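Geometric and topological summary
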Amino acid sequence: MNRIRRETRETRVEITFGPEADTHFATGDRFLDHMLGTLARFSGLALGIEAQGDLRHHLVEDVAITLGEAVARITSPACSRFGWALLPMDDALVAAALDLGGRPWYEGPLPSRLYDHFMRSFADHARATLHFRVLRGRDRHHIVEAAFKGLGLALRSALGEADDALSTKGSVRLDVEA
Ligand SMILES: [Mn+2]
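Residues numbered from 1 in each chain as written. Predicted model: local features only at pLDDT ≥ 70, side-chain atom pairs only at ≥ 80, totals over all residues. Heavy atoms only, no water.

What about the environment of alanine 70?
- Residue placement: alanine 70 occurs in helix α2 (residues 56-74).
- The exposure class assigned to alanine 70 is buried, which follows from its relative accessible area of 3%.
- Sequence separation between alanine 70 and phenylalanine 17 is 53 residues; the distance between their C-alpha atoms is 7.5 Å.
- Sequence-distant contacts of alanine 70, that is, excluding residues within four places in its chain, are made with Ile4, Ile15 and Phe17. (Helix = DSSP H or I, 4+ residues; strand = E, 2+ residues; numbered from the N terminus. Buried < 20%, exposed > 50% of the residue type's maximum accessible area, 1.4 Å probe, protein only. Contact = heavy atoms within 4.5 Å.)

Structure follows, in structure tokens:
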């Protein structure tokens, strides 16, 4: 199990991840917990996140930064690197594409300034290229949730072993480098 702590005057974030991590979310922001739980479920990552912050904006941003650092730590040359998903959720249809190859770049936008910022911060710190394209949708909750589901599925593929990249039956490799 791995642990990352990030503490500033504004926030305190602790993430545990990898084998034997207990999946739980306690950020004090119920929507953020809901999105993180969605990401964990769709990515297959064992992930525990505890956080406190002064402002919602700081909390959401600093969780994204710390989560990106966690993903950077479990990215290895054995990973298949790329992942993508086309994710429908009721009225929403969102395309997500991810490259964990060390090229930080973000293309949105998502129709939420806060969660668009989350994704940009995540991509920067995961050193990932992350694109979203909202193809359809009216409900912003559905669009943002579809983006988290799409990112989760893309992460599941990109973190998988290169040889298993095209197999839906392969298990996700979550070994953590020392
Ligand atoms: Mn929901």
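What about the coordination of the manganese ion?
- Within the protein, His34 (NE2), His141 (NE2) and Glu145 (OE) serve as the donor atoms for the manganese ion, at 2.1 to 2.3 Å.
- Look at where the donors of the manganese ion fall in the sequence and you get H-x106-H-x3-E. Taken together, the residues histidine 34 in helix α1 (residues 30-43) and glutamate 145 in helix α4 (residues 140-158) connect sequence positions 111 residues apart.
- Residue classification places histidine 34 among the partly exposed positions, given a relative accessible area of 34%.
- Take glutamate 145: its relative accessible area is 7%, and that puts it in the buried class. (Donors = N, O, S within 2.8 Å, 3.2 Å for Na, K, Ca; no water.)

Thoughts on the pattern of salt bridges
- Tallying each qualifying case throughout the model produces six salt bridges.
- Glutamate 14 is the partner of arginine 3 in a salt bridge, and the nearest nitrogen-oxygen pair spans 2.7 Å. Of this pair, arginine 3 sits in strand β1 (residues 2-7) while glutamate 14 is found in strand β2 (residues 11-17), placing the two residues eleven residues apart along the sequence.
- Classification of arginine 3 as partly exposed rests on a relative accessible area of 39%.
- The class for glutamate 14 is partly exposed, based on a relative accessible area of 22%.
- The salt bridge partner of glutamate 14 is arginine 5, with a shortest N-O separation of 2.8 Å.
- Several salt bridges converge on common partners, so that one network encompasses Arg3, Arg5 and Glu14. (Salt bridge = Lys/Arg side-chain N within 4 Å of Asp/Glu carboxyl O.)

Focus on the pairing of β1
- Inspection of the sheet shows β1 paired to β2 by six bridges, in the antiparallel sense. Residue isoleucine 4 lies in a different strand from β2, and its bridge partner there is isoleucine 15.
- Hairpin connection of β1 to β2: three residues between the antiparallel strands. (Pairing = 2+ DSSP bridges.)

Structural notes on unusual backbone geometry
- Note the cis peptide between glycine 108 and proline 109, where omega equals -5°.
- Of note, proline 109 is situated in the loop between β7 (105-107) and α3 (113-126).
- Positive phi, close to 80°, is recorded for arginine 81, a residue that is not glycine.
- Of note, arginine 127 is a non-glycine position whose phi angle comes to about 50°, a positive value.

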